[in-house]
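Summary of the model geometry
Below are the chains, spelled out letter by letter.
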Amino acid sequence: MTTFADLGLYDSLLDGLDSMGFEKPTPIQEQVMPHILAGKDIIACAQTGTGKTAAYLLPVLDKISRQEKEHTAALIISPTRELALQIDHAFQGFSYFTSASSIAVYGGGDGHTFDREKKALTEGASVVIATPGRLISHLNLGYVKFDQLDFLVLDEADKMLDMGFYDDILKIIRFLPSKRQNLLFSATMPPKIRDLARKIMHDPFEVNIAISKPAAGVTQTAYVVYDAQKPELLKHILMKRTDPSMLVFASTKQTVKDLEKELRRKGLPARAIHSDLTQEERESVLLSFRTRQTRILVATDILSRGIDIDNIGLVLNYDVPGDAEDYVHRVGRTARAESTGEAITFIGQKDQRRFGVIEELIERVIPKEPLPEGMGQSPMYNPAARSGGGNGGGGNKKRRPPFRKKRKSPANG
Ligand code: ADP
Ligand code: MG
């Protein structure tokens with residue numbers, strides 16, 4: 001068994017790991033760290049929850065700990081503020097017994113935030129963790145000191161490209177010294193990433209670990225439903241659960257907002273997070289979820305990648321994500337680091353075909369549960385059908401669930 005000490009990590013980092021309760025490296029950590037420590041560029045692809053953050057932070061911190069001269073040694077680019085904050089948080093843990101410092105630069109907030117970031121960047125820190133747009137604003141003003149940079153880290157590279165940051169990344173790279181070590185981390189490896197890697201990396205070492213499969217500890221099930229059955233079914237499932245933390249995903253902001261209202265109206269303590277909220281609002285919602293003041297978080301996909309919240313017992317997909325990889329990301333929110341969890345997906349009338357694609361991707365057929373008694377019948381599941389409309393075939397949009405009615409008596413009354 002390989003230990004962190006076997007990898008030759010600096011002593012003060014081993015102390016940090018100890019205090020965080022990390023006993024041994026995860027597979028991705030074990031595979032990439034020796035190469036990063038040896039100075040190689042790397043491309044690392046592993047599903048969410050496999051410990052990618054430490055896989056790059058530890059070697060970066062190792063190098064910083066061995067350097068005499070203080071300078072900004074690493075730039076870590078993250079697609080979202082939430083992830084930037086989370087990386088910074090992990091950094092604080094690992095670097096606790098070292099003298100390394102960090103700045104998180106992610107925008108939002110008011111003019112004061114910008115000034116504070118500017119001041120911090122002017123003074124410098126060992127590691128800068130930034131979202132692309134905000135970093136470019138600072139870079140254009142000329143006080144960011146990347147001239148001695150050792151590492152460029154791209155975290156959640158797939159998400160970054162999905163969000164349209166390709167050109168921004170290239171722009172940022174023009175501000176960096178050409179001799180540097182590039183570390184690219186991603187949950188998936190679409191062709192766009194290879195393209196980016198070819199442009200910016202030098203003979204990268206590549207590691208791929210079990211792409212696109214939810215962690216083994218997640219129990220996955222699904223309900224085939226008419227759209228009109230979803231609210232009732234959601235309520236029914238959430239009411240029965242005792243988990244302290246549950247995450248409900250929906251594809252659109254509007255659905256997320258509606259569900260928050262609907263659930264609260266039914267007495268379920270839910271809060272919503274989506275891109276219409278301000279930075280402060282998003283942080284406060286996340287905090288109240290993390291600290292378990294809020295039991296149910298309803299979210300759009302901004303939360304499905306990278307964000308690490310422990311012990312989410314249930315991830316419920318109120319709809320099937322448009323992109324099959326997003327399913328893996330959403331489901332990856334539960335069963336982090338070898339715990340267990342459950343993922344339930346509602347397959348609506350228009351979602352069947354897409355769910356079929358997901359089942360192909362993860363190479364497994366997800367069991368379809370019968371609807372609870374009193375909730376009517378499920379449509380037929382036929383993912384190969386053209387628009388997945390169920391037994392009536394496509395184009396039958398007005399179709400209603402056959403026996404939909406409010407349950408007044410207990411389930412089997
Ligand atoms: P990823 O970036 O691959 O999605 P994270 O870096 O966010 O994964 O790590 C997922 C969770 O696993 C975090 O809570 C992290 O603290 C924990 N973790 C990572 N590496 C280890 C380890 N070696 N031992 C124990 N827990 C770990
Ligand atoms: Mg990550």
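Let me sum up the structure you'll find in this document. (Residues numbered from 1 in each chain as written. Chains lettered and ligands numbered in written order. Predicted model: local features only at pLDDT ≥ 70, side-chain atom pairs only at ≥ 80, totals over all residues. Heavy atoms only, no water.)

Details of the overall build of the protein
A tally of helices and strands in the protein yields 14 helices and 14 strands. Of all 413 residues assigned to the protein, the portion counted as buried reaches 54%. A separation of at least 24 residues holds for 77% of the contacts in the protein among residues at least 6 apart in sequence. Just so you have it, the protein exposes about 18,900 Å², and 50% of that area is on carbon and sulfur atoms. (Helix = DSSP H or I, 4+ residues; strand = E, 2+ residues; numbered from the N terminus. Buried < 20%, exposed > 50% of the residue type's maximum accessible area, 1.4 Å probe, protein only. Contact = heavy atoms within 4.5 Å. Areas by Shrake-Rupley, 256 points an atom, 1.4 Å probe, with all protein chains shown as cover.)

A look at helix H10 (residues 230-240)
Residues of H10 that are buried include every one of Lys230, Glu232, Leu233, Leu234, His236, Ile237 and Leu238, and no others. Buried-residue contacts for H10 involve strand S8 (218-224), strand S9 (246-249), helix H11 (253-265), strand S11 (296-299), strand S12 (314-317) and strand S13 (341-347).

Points about the packing of helix H3 (residues 52-66) against helix H4 (residues 81-94)
The N-to-C vectors of H3 and H4 enclose an angle of 50°; their axes lie 10 Å apart at closest approach. The angle between H3 and H4 places the two elements in the oblique class. Along this stretch, H3 crosses H4, giving a crossing that reads as right-handed. Contacts from Thr53, Ala54, Tyr56, Leu57, Leu58 and Leu61 in H3 reach Ile87, Ala90, Phe91 and Phe94 in H4. Of the residues that constitute the contact of H3 with H4, the class distribution is 9 nonpolar, 1 polar and no charged. (Axes fitted to C-alpha atoms, helices over the stretch in contact; angles between N-to-C directions. Parallel < 35°, antiparallel > 145°, perpendicular 65-115°, else oblique. Left-handed = near helix turned anticlockwise from the far one by under 90°. Nonpolar A, V, L, I, M, F, W, Y, C, P; charged D, E, K, R; others polar.)

As for the nonpolar core
Of all hydrophobic cores here, the largest spans 40 residues; its most connected members are Val32, Leu183 and Phe185. Element by element, the count of residues in this core is highest for H3, at 8 residues. When neighbours within four sequence positions are excluded, Phe185 is seen to be in contact with Val32, Ile36, Ile42, Ala44, Lys52, Ala55, Tyr56, Val153, Leu154, Asp155, Glu156 and Ala157. Ile43, Leu170, Met189 and Ile193 belong to the second-largest nonpolar core, a separate cluster that totals 37 residues. (Core = buried A, V, L, I, M, F, W, Y, C linked by side-chain atoms within 4.5 Å.)

With respect to the sheet that holds strand S1 (residues 42-46)
The parallel open sheet is built from 7 strands, whose spatial order is S3-S4-S2-S5-S6-S1-S7. Each end of this open sheet is capped by a strand with a single partner; those strands are strand S3 (102-105) and strand S7 (205-209). Neighbouring strand axes in the sheet, compared pairwise and without regard to direction, differ in orientation by 10° on average. Bridge count between S1 and S7: 5 bridges; the pairing is parallel. Following the sheet pairing, Ala46 is matched in S7 by Ile209. (Pairing = 2+ DSSP bridges.)

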